[in-house]
Amino acid sequence: MRTLLYRHALREAFDEELERDDNVVLMGEEVAQYNGAYKVTEGLWQKWGDKRIVDTPISEAGFIGMGIGASMLGVRPVMELMFWSFHSVAFDQLVNNAACMRYMSGGLANCPIVVRGPANGGTNVGATHTHTPEGLFAAFPGLKVVSPATPADAKGLMKSAIRDNDPVYVMENTLLYGMEGEVPDPADGDFVIPLGKAEVKKEGTDISLIAHGRSTLIALEAAEILAAEHGINAEVVDLRSIRPLDEETIMQSVRKTHRAVLVDESKPFCGVSAQITTMIQDQCFDDLDAPVKRVCTVDAPGIYAPALEVPHQLPTAKRVVEQVLSIR
């Protein structure tokens with residue numbers, strides 16, 4: 001094991017996959033000579049050159065469409081959106097083209113494209129740059145959606161996404177790019193995390209905190225407070241993959257603890273946690289000792305003010321603890 005930054009773990013995944021498969025290419029705005037807006041692709045252009053690391057015009061509709069077409073011809077493009085908020089200008093390509101290609105071709109054409117970039121609030125960049133659309137894309141059959149919470153998960157899930165024959169949309173979090181964590185050494189073997197497999201980040205007995213992305217870290221922080229100050233042993237389940245979803249791990253946890261709080265940076269209306277809440281109450285109703293509760297981002301456009309966005313609009317450990325205590 002080594003300690004790597006989240007952004008460096010992603011970069012290592014790209015480097016290994018570029019080495020493993022000549023069909024892998026990275027494309028996006030400023031990913032090459034500028035080293036990426038968040039320095040995730042730093043050094044890769046110098047190593048792999050113009051044909052493997054490609055700067056694109058500022059036109060998401062254009063370069064996402066190009067990537068989809070290339071993927072149908074055998075290329076495995078990894079496309080960077082500078083913000084996932086810019087998905088809306090390429091929505092037809094992302095949903096009508098990529099998601100439907102395999103189905104509408106009767107399985108004759110695959111679309112092995114990865115679209116990645118930051119999907120989060122908390123960086124005080126305003127309402128048009130703070131969307132978390134993982135629930136939106138998970139609603140479309142044919143798409144796979146993942147949201148890694150740690151450097152190791154970022155690397156392992158990205159490698160699986162690049163190798164997958166379906167479109168995989170990776171929702172990263174800007175606030176995590178500088179996060180450190182242990183990542184397996186390449187000398188120890190090929191490190192890949194299967195899509196559709198959740199992980200219990202902390203074992204517990206009293207309540208299940210179910211989260212994804214940075215919200216997993218909020219849930220872990222809340223679990224520490226609950227144990228230290230209230231004697232509550234919370235279990236933390238990290239979804240990692242939203243579609244496909246690991247229902248078995250979720251339900252096993254709820255059947256063990258008999259209570260659940262969903263922690264989700266998406267907006268509450270039609271969010272990821274809304275779907276999982278319904279699934280829990282459908283499959284585990286007789287196991288529940290209390291209603292399933294949620295802690296989500298406050299249902300309003302992203303707040304620009306730093307004094308309001310992180311401590312009041314986004315999920316916090318304090319809000320999670322309060323929600324847990326409300327259902328004891």
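(A) Local environment of the packing of aromatic side chains. This structure, assessed with the given rule, holds 9 aromatic pairs. Consider the rings of Tyr38 and Phe83, whose centres lie 6.3 Å apart with planes at 90°: the pair is edge-to-face. Placement of the pair is Tyr38 in the loop between β2 (24-28) and α2 (44-48) and Phe83 in the loop between β4 (76-80) and α4 (91-97), with a sequence separation of 45 residues. Owing to a relative accessible area of 15%, Tyr38 belongs among the buried residues under this scheme. Accessibility expressed as a relative area gives 14% for Phe83, which makes it buried. Ring centres 5.5 Å apart and planes at 70° place the aromatic pair Phe83 and Phe86 in the edge-to-face group.

(B) Spatial organisation of the pattern of salt bridges. The tally for this structure, following the rule as stated, stands at 28 salt bridges. Linking Glu16 and Lys155 is a salt bridge whose minimum nitrogen-to-oxygen distance equals 2.7 Å. Here Glu16 is found in helix α1 (residues 6-20), whereas its partner Lys155 is found in helix α7 (residues 151-163), with 139 residues between them in sequence. Judged by relative accessible area, Lys155 falls into the buried class, the value being 1%.

(C) The arrangement of the sheet that holds strand β9 (residues 199-202) in detail. An order of β9-β11-β10-β13-β14 is seen for the 5 strands of this open sheet, with the pairing classed as mixed. The open sheet has two edge strands with one neighbour each: β9 and β14 (293-296). Each adjacent strand pair in this sheet contributes to an overall mean axis angle of 25°, direction not counted. Direction of pairing for strand β10 (residues 207-211) relative to strand β11 (residues 234-238): parallel, over a ladder of 5 bridges. Paired with Ala211 across the two strands is Asp238, which belongs to β11.

Rules and cut-offs
Residues numbered from 1 in each chain as written. Predicted model: local features only at pLDDT ≥ 70, side-chain atom pairs only at ≥ 80, totals over all residues. Heavy atoms only, no water. Phe/Tyr/Trp six-rings, centres within 6.5 Å; stacked < 30°, edge-to-face > 60°. Helix = DSSP H or I, 4+ residues; strand = E, 2+ residues; numbered from the N terminus. Buried < 20%, exposed > 50% of the residue type's maximum accessible area, 1.4 Å probe, protein only. Salt bridge = Lys/Arg side-chain N within 4 Å of Asp/Glu carboxyl O. Pairing = 2+ DSSP bridges. Axes fitted to C-alpha atoms, helices over the stretch in contact; angles between N-to-C directions.

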